[in-house]
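These are the residues of each chain, in order.
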Amino acid sequence: MKRTPASYLPPITLQDRKEIPIHQQLYDWFRRAITGGQLRPGQRVPSTRNLAAELKTSRMPVLGAFEQLLAEGYLEAFVGAGTYVARSIPDDTLSRPAEKARNGLQETAEKRGPRRLSRRGVALTNLPAQSWLDNLGAFRVSLPALDHFPIGVWSKLVARHSRRPSRGIMAYGGAMGYLPFREAIAEYLGAVRGVRCDASQILVTTGSQQALQLSAQVLLDPRDRVCLEEPGYPSARHAFMMAGAQLVPISVDHDGLNVEEVIRHSRSARALYVTPSHQYPMGTTMSATRRLLLLNWATRSGTWIIEDDYDSEYRFGSRPISSLQGLDTDGRVIYIGTFSKVLFPALRLGYVVVPKDLVAAYFAARDAADVFSSTLYQAALTDFIQEGHFARHIRRMRMLYIDRRKALVNALQIQMGDMTELIGAEAGMHLVALLPPGTDDVEVSRKAAQKGISVMPLSSCYLTTPRRGGLILGYGGVSARQIHDGISKLRMCVEKD
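Keep in mind that what you see is a predicted model, and the values were worked out from it rather than measured. (Residues numbered from 1 in each chain as written. Predicted model: local features only at pLDDT ≥ 70, side-chain atom pairs only at ≥ 80, totals over all residues. Heavy atoms only, no water.)

**Q** Sorry if this is basic, but what is going on with the pairing of strand 9 (residues 304–308) here?
**A** The side chains of a regular strand alternate between both faces of the sheet. Of all the five residues making up strand 9, five are buried; the element is thus mostly covered by neighbouring parts of the structure. Residue alternation in strand 9 divides its side chains into two sets, Trp304, Ile306 and Asp308 and Ile305 and Glu307, and both sets are buried. In the sheet, strand 8 (residues 271–274) pairs with strand 9 via four bridges, with the strands oriented parallel. Of the residues in strand 9, the one forming a bridge with tyrosine 273 is isoleucine 306. Taking the sense of rotation as the criterion, the β-α-β connection linking strand 8, helix 12 (residues 288–301) and strand 9 turns out right-handed. Relative to strand 10 (residues 333–338), strand 9 runs parallel, the two being bridged by four bridges. Opposite glutamate 307, over in strand 10, you have tyrosine 335 as the bridge partner. (Buried < 20%, exposed > 50% of the residue type's maximum accessible area, 1.4 Å probe, protein only. Helix = DSSP H or I, 4+ residues; strand = E, 2+ residues; numbered from the N terminus. Pairing = 2+ DSSP bridges. Right-handed = clockwise from strand over helix to strand, strands pointing away.)

See the structure below:
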């Protein structure tokens, strides 16, 4: 068994009782900790010198306790490597009291029944299992081509800032984020997405999900109504549910969100969540007419619009579409973006562009949440953007995703053309394959997960029951060979359903 190298000081408390010598107290504590599982086999224990210093006692009683534990086989010593808990404990019967205590606690908890949670906690607990998140194979949604990320360049930039970090990088950062990074984001958004903002309006987050959670906390009170696309992004639904909001589903068609339906049924809505440039998950683009109607409605009704622009960098069939925020003249749009899709998810950096009169509230909400994002990564990504690596990476990935999209479409048409209908294959990093009527897409997703395939059921994006099931297939992080093999396995899952 591998030995644990670290030797942490255990929480030993010595009692000032003369009838029990210190060496006996130490011996009893270590034996109980070892047989009860508090100290694991192979775990290193402190040296006698360090333990005596920590306990503020003479080294002699510590040596005496260790000698007895070594003699009885509870500890074992290695020359030049220290002292460890024995890999095989001689007296197994001594572990029974600890096991009995644990079983007793379990039995008590079962008799008491489930512990009390909030309504939101119960709702979250009852969410269905997401089997499609169990692996990173084909066709994991929102996963970029990690093997094509310029890790060499990135490593040098991180090393540049970590080799001799400034106090600003190592200390607490500001809740709004690293100023040079916010300036780089503002310049990028203005040039590429038509967003009208300056660095003072940009708040750096750990991703789009935190931006949604902050927006829910700042904009909503419990029971406030929030309009969402139907089908729509499940994690946005969860963020608003956590704020206690009432969710109002609004249908989506080939022109995006049905704004007329919003106007008819949602006059009292406090906020509306929308993905206008690339609707999630159906892939449609909101028309210019609907964008203007939506902004006019928001101005008249005083409703906040939360625009999620999660992967707008990747459009293949037409020219890039500018942001809804860029058309807003009344400061009603909160614009959310992320680097998870264009770089890599573990980076955990995103941003939200906040109207100027809401900056103070968002600042306070972020400070109350987790204060700030990693300044080291913000500094490295600032250089990555300003030195041109970001733009080059997006151009390379756009060409790669065009090829992978074609490979996926071809594989679906050849192997599953008789059982699927494709939607949303002109942009982003995923498409939707509608299944034959009556097919249970959740069951197909579960079977696919057992074969190492990650497919997200379309029904998980609905608040209501969909008329037809489907699968959301990500192609960003999957090679042409994986696409071919994955579709072969997927066909078997659909045929057996």
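**Q** In this structure, what is going on with the packing of aromatic side chains? I would like to understand it.
**A** Taken as a whole and assessed by the stated rule, the structure comprises 18 aromatic pairs. Each ring, one from tryptophan 154 and one from phenylalanine 384, has its centre 6.0 Å from the other, and the planes form 80 degrees; the classification is edge-to-face. Here phenylalanine 384 lies in helix 14 (residues 375–386) and tryptophan 154 lies in helix 6 (residues 151–163), a separation of 230 residues in the sequence. In this structure tryptophan 154 comes out as buried when scored by relative accessible area, which is 4%. Considering the side-chain rings of phenylalanine 240 and tyrosine 273, the 6.1 Å spacing of their centres and the 65 degrees angle between planes classify their relative orientation as edge-to-face. Of the two residues, phenylalanine 240 sits in helix 10 (residues 234–242) while tyrosine 273 sits in strand 8, which places them 33 residues apart along the sequence. For phenylalanine 240, a relative accessible area of 0% corresponds to the buried category. Its relative accessible area of 1% is what places tyrosine 273 among the buried residues. A cation over an aromatic ring shows up here: arginine 332 above the ring of tryptophan 304, its NZ or CZ 4.0 Å from the ring centre. (Phe/Tyr/Trp six-rings, centres within 6.5 Å; stacked < 30°, edge-to-face > 60°. Lys NZ or Arg CZ within 6 Å of the ring centre and 35° of its normal.)

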